[in-house]
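Inside the fold
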Amino acid sequence: MEDIFIALMERIAALMPELSLIDEDYGQLEMGIDEDSYPVTFPCVLISDVISDWNDIGLGAQKSMSSITLRLALDCYHDTSFASGTYDAVRNRLLFANRLYKAVQGFVPADSCSELVRVKERSYALPHYIKVYEKVFTFTLHDESAMADND
């Protein structure tokens, strides 16, 4: 699993160098309402743990249907209303989020892994003018590490 995480970090860093942070998601955006700053810098991508449902395929080998969630978080401190004339910032945020999709869609992060395919996405706002674009990708994993001759 660590190979998948590291490969994703490297891929995103190479294709989106303007990100200030790429990290494992361990709840950095779920701060309390009383806190006045997040423990990350923006823009950032946070990568969740892999979730896998495993099935035996024989002789100690297994195959999974797995998913991973990426969260792109951006600070939105400027006015983007239509009347402000700066609403292009909304378009730029959406284009930036689409770059994350294009960086990951079809990527094969490890030999034991199929390509990543987007299956779900959503966006939502957090306190202190933070916008999050969340994308869920699925893939299959093949694991032969428990087979008899893989001591």
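Residues numbered from 1 in each chain as written. Predicted model: local features only at pLDDT ≥ 70, side-chain atom pairs only at ≥ 80, totals over all residues. Heavy atoms only, no water.

All right, on to the overall build of the protein chain then. On a plain count of helices and strands, the protein chain comes out with two helices and six strands. Reading the secondary structure of the protein chain in the N-to-C direction produces α-β-β-β-β-α-β-β. If one aligns the C-alpha atoms of the protein chain with their principal axes, the spans along those axes are about 65 × 30 × 25 Å. In the protein chain, which comprises 151 residues, the share counted as buried stands at 40%. Here the protein chain has roughly 8800 Å² of accessible surface; of this, 52% comes from carbon and sulfur atoms. Across the protein chain, the 12 positively charged side chains and the 25 negatively charged ones have centroids separated by 13 Å. (Helix = DSSP H or I, 4+ residues; strand = E, 2+ residues; numbered from the N terminus. Buried < 20%, exposed > 50% of the residue type's maximum accessible area, 1.4 Å probe, protein only. Areas by Shrake-Rupley, 256 points an atom, 1.4 Å probe, with all protein chains shown as cover. Lys, Arg positive; Asp, Glu negative; His and termini not counted. Charge placed at Lys NZ, Arg CZ, Asp CG, Glu CD.)

Generally speaking, nonpolar side chains in soluble globular proteins are found buried as a group. Ranked by size, the top nonpolar core spans 28 residues in total, and within it Ile12, Ile47, Leu72 and Val104 carry the most contacts. Elements with a contribution of two residues or more to this core: helix H1 (2-15), strand S2 (44-47), strand S4 (61-75), helix H2 (88-104) and strand S6 (130-143). By residue number, the principal contributor to this core is H2, which donates six residues. If we skip the residues at most four places from it in the chain, Leu72 touches Leu19, Cys44, Val45, Phe96, Ala97, Leu100, Lys131, Val132 and Tyr133. Counting twelve residues, the second-largest nonpolar core is a separate cluster that includes Val40, Ala73, Tyr124 and Val132. (Core = buried A, V, L, I, M, F, W, Y, C linked by side-chain atoms within 4.5 Å. Contact = heavy atoms within 4.5 Å.)

For the coordinates displayed, the defined rule picks out seven salt bridges. Between Arg71 and Glu30 there is a salt bridge; the shortest N-O distance is 2.8 Å. With Arg71 in strand S4 and Glu30 in the loop between strand S1 (21-24) and S2, the pair connects residues that are 41 residues apart, well separated along the chain. The shortest N-O distance in the salt bridge between Arg118 and Glu121 comes to 3.2 Å. Of the residues examined, Arg118 reaches a relative accessible area of 30% and is grouped as partly exposed. Since its relative accessible area comes to 42%, Glu121 is described here as partly exposed. Residues participating in the shared-partner salt-bridge network are Asp25, Glu30 and Arg71. (Salt bridge = Lys/Arg side-chain N within 4 Å of Asp/Glu carboxyl O.)

Here we come to the packing of aromatic side chains. Under the defined criterion, the tally for this structure stands at one aromatic pair. Ring centres of Tyr38 and Phe42 lie 5.7 Å apart, and the angle between their planes is 90 degrees; this geometry places the pair in the edge-to-face category. Overall, the relative accessible area of 11% leaves Tyr38 in the buried class. Across from the ring centre of Tyr101, 3.6 Å away, lies the NZ or CZ of Arg118, which sits over that ring. (Phe/Tyr/Trp six-rings, centres within 6.5 Å; stacked < 30°, edge-to-face > 60°. Lys NZ or Arg CZ within 6 Å of the ring centre and 35° of its normal.)

A separate point is the side chain of Ser67. Looking at the element boundaries, Ser67 is found in strand S4. In this view, Ser67 contacts Asp49, Val50, Ile51, Val136, Phe137, Thr138 and Phe139; residues no more than four positions away in its chain are not counted.

A few words on H2. An α-helical segment advances 3.6 residues per turn. Residues three or four places apart therefore align on the same side. Relative to the 24 Å expected for 17 residues at 1.5 Å per residue, H2 spans 25 Å between its end C-alpha atoms, a close match to the ideal helical length. On its buried face, H2 is in contact with H1, S2, S4, strand S5 (117-126) and S6. (Expected span 1.5 Å × (residues − 1).)

Spanning 14 residues, H1 covers 20 Å between terminal C-alpha atoms, matching the ideal 20 Å at 1.5 Å per step. Among the residues of H1, those classed as buried are Ile4, Phe5, Ala7, Leu8 and Ile12. Down the axis of H1, the buried set is contained in an arc of 165 degrees. They therefore lie on one face. Of the residues in H1, the exposed ones pointing more than 90 degrees away from the buried face are Glu2, Glu10 and Ala14. Contact partners of the buried residues in H1: S1, S2, S4, H2 and S6. (Arc of directions from axis to C-beta.)

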